[in-house]
Every structure is written in C-alpha cells, then in structure tokens.
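Chain by chain, the residues:
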Amino acid sequence: MKRGLIWMVLAAQSTLLAAQSVSPGLPAAAAATNAEATPPLAGRDYLYEVTQHLYRWYLDEVDIEKGAGEDAVVFWVRRLDVDRDEEDHSEWAEICLPRIGVAVTLKKTDYVIEELGISVQSGGFRIVNVARRAFPPEPPRGTTVVESRRQDVRDHLLQMRTQATFPDAALSKRLGKALREHLQLAMERRPGEEHIVHVAPLSPVANEVWVFVEDQKLLVHYASDLDLSNDTLWGHAALAVRTYDIPNATVVSLDEVPGSNEFLTRDQVGRVLYNCIVLGRRLVLSGAPE
C-alpha cells in the first residue's frame, strides 16, 4: 500500500501519553542518522514551542518538579532515518526531554498521492506522537544536545500558559461542516436548533484540533498529515476524525481495556475539557446544513 494513501489516525492513548512506545505511524526500523539536527529543530524558539505544547497537553506536576534542583533543561534533538516509499521524501525527527522521560516524534510531510495528483506537504515538522520512556545516560549518536536555563523555560511556560490561537473564519466554517457531516448533526436535529461546541486552541507544532460538543457530551479529535489551513486537506477529505462518547468512553486506567483505542482515562478527558472549555472558544453550531 502506498504511504500516500495512508492517513494517520492518531489514537488518543498515543496522543495523550498512553502509549509507551513510538507511534504506529513510525516504522520500527527508525534510527538516528549521523547528521546532527540543525535549526529550526534545535533552535530555542522551536524547542520552546514543543515544550509549550507538552505543557498544555501532556505534562503534570510530577513532570514539572523533576530536575527541580538542576539549573538546565536538557533537550536531545536528532533526525530519524525511516524506511519509506521511493516517492516519499518526508523527514522524521525526535526531540527528547530525557530528565522528564518524554520523547516527541515529529514529521515533515512531503509526498505525492499519485492517484489524486496532489502533493502533500506540511509547513514544517509537526508532532505525530508523544511517549514516555526511559533514556540511557548518554544520548544516541547523531544527537544535538541543547540546554536551556531551567528558570527561563519555567518563566516562558508560565507566561504563555493561557496564550491561545484559534481557527480563523474559513477554518472554523470547514471544521463546522466536517463536524456536521461526521456526526450527522443536521439529520438528528430539527432546523433552527443549535449545538454548543468548544474548540481547543491550535498548536503551531501539531496538525490537530480537539472539539467538545457540549449537548452530545462528545469529544472530537481531528488530525492530518497536512496543515489544517491547507486547502488540499479539505478538497480531498484527508482528515482523520475520531469521536469519544465521554460517559461511555472514559475509564480510570487503560489497563481496563487493553489493546483498545476507543477509550480515554479520566485524566485525559479532564485535560481535553480544560483546553476546550477553559482555554478554548465557545461556538454555536447550527443544526441545519449551510
């Protein structure tokens, strides 16, 4: 099967740190290249963007307290050599925070779907998986080690913790249309009735967005290889959508449902609801099609 036809569905237990290994979207043969990662991957601004994304979606108080007595936050940045189709020129990378025990897998998408005659390219490296794992004392060969003053990182995260970027009018309209079609809301409601939805802030380092449908008690996760603002994405329905019925899809531990990707933990649900309701934007979605 051609990679161009495989649209990655980011299972929430991978997306929300339930996974303890690399994403299914990353071939097992992935390994670091000898070439050091270069900016912007190892640049301060990009590393801070990634850290801010982790702060919002993954890290907890235990993570923040780790290394409290140390002066620096350490990043391991490396390119990954991944087996891929001949026509696939996508690039892979990894950013790790070894002292916290978190590994971030990133992808810069660049391939062609020949059957559709379209080029699939992301604007830069985007997060495709976050996982917890143990790290060796020394970084792998080919790793760029970056250190940043711990206090600078903490100050940045504290200052930016409420910063929020939301879909513009065009993207909001597209998301609303996709939500209606996916959930068939227009068929379930009489004309004139409305749905209250809460959209979480967008991340500059991840092609995904979470939406909470209040009256349906549903969480909806959109993800794509393409940037969400890319017209090609919407023209060819290259969007992975997953829904979670909160009352029925919430468990205390994923150990209760081994092997399933249809559930979230209460901690995960709480995290998403906080980002959607507290930090997010409230919108009214008409039940009638536009």
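Just above sits the structure.
The present account deals with the structure reproduced in this document. (Residues numbered from 1 in each chain as written. Predicted model: local features only at pLDDT ≥ 70, side-chain atom pairs only at ≥ 80, totals over all residues. Heavy atoms only, no water.)

1. A word on the environment of Ala72
We count it as follows: To qualify as a helix, a DSSP run of H or I must reach at least 4 residues; to qualify as a strand, a run of E must reach at least 2; elements of each kind are numbered from the N terminus. Here a residue-residue contact requires only that any non-hydrogen atoms of the pair lie within 4.5 Å.
Here Ala72 is to be found in strand β2 (residues 72–81). Separated by 77 residues in sequence, Ala72 and Arg149 have C-alpha atoms that sit 4.5 Å apart. The residues touching Ala72, leaving out its near neighbours within four places in the chain, are Arg99, Glu147, Ser148, Arg149 and Arg150.

2. Comments concerning the packing of helix α2 (residues 44–57) against helix α4 (residues 150–160)
A packed helix pair is summarised by two numbers, namely the angle formed by the two axes and the spacing between the axes. Selection rule: Angles run from 0 to 180 degrees between N-to-C directions of axes, and those axes are lines fitted to C-alpha atoms, restricted for helices to the stretch in contact. Angle categories: roughly parallel below 35 degrees, roughly antiparallel above 145, roughly perpendicular from 65 to 115, and oblique for all the rest. Throughout, a crossing is termed right-handed when the near helix is turned clockwise from the far one, and left-handed when it is turned anticlockwise from it by less than a right angle.
Relative to each other, α2 and α4 sit at 60°, their axes nearing to 10 Å. Considering their axes alone, α2 and α4 lie oblique with respect to each other. Here α2 and α4 pass one another in a crossing that is right-handed. Together, Tyr48, Thr51, Gln52, Tyr55 and Arg56 of α2 and Asp152, Val153, His156, Leu157 and Met160 of α4 make up the contact between the two elements.

3. Examining α4
Cut-off, in case you're wondering: The buried label applies to any residue whose accessible area, calculated with a 1.4 Å probe on protein chains only, is under 20% of its type's maximum; exposed applies above 50%, and partly exposed to all values in between. Think of the arc as the fan of directions from the helix axis to the C-beta atoms.
Along α4, the residues classified as buried are Arg150, Val153, His156, Leu157 and Met160. Along the axis of α4, the buried positions cluster into a sector of 130°, meaning they face one direction only. Here the buried face of α4 lies against α2, α3 (61–65), β2 and β8 (144–149).

4. Looking at a nonpolar patch on the surface
We apply this condition: Each patch is built from residues lacking any salt bridge and having more than 30% relative accessible area; the joining distance is 9 Å for like charges and 5 Å for nonpolar side chains (Val, Leu, Ile, Met, Phe, Trp, Tyr). Residue exposure ignores everything except the shown protein chains as possible cover, and the areas themselves are Shrake-Rupley values with a 1.4 Å probe. In the sections that follow, a salt bridge refers to a side-chain nitrogen of Lys or Arg positioned within 4 Å of a carboxyl oxygen of Asp or Glu.
Residues Tyr274, Ile277 and Val278 make up a contiguous nonpolar surface patch of roughly 290 Å² in combined accessible area. Structurally, Ile277 can be placed in helix α9 (residues 266–278). Judged by relative accessible area, which is 41%, Ile277 ranks as partly exposed.

5. A short note on the pattern of salt bridges
Pairing between side chains of opposite charge can happen when their charged atoms approach one another. Taken as a whole, this structure holds 9 salt bridges when the rule is applied. Between Asp63 and Arg132 there is a salt bridge, with the nearest N and O atoms lying 2.7 Å from each other. Pair noted here: Asp63 is in helix α3 and Arg132 is in strand β7 (residues 126–132), with a separation of 69 residues, a long-range link. The shortest N-O distance in the salt bridge between Asp225 and Lys107 comes to 3.1 Å. You can see Asp225 sitting in the loop between β11 (218–223) and α7 (231–235) and its partner Lys107 sitting in strand β4 (residues 102–108), a full 118 residues away along the chain. The exposure classification of Asp225 matches that of Lys107, with both residues buried. It is possible to trace a salt-bridge network through shared partners that takes in Asp63, Lys66 and Arg132.

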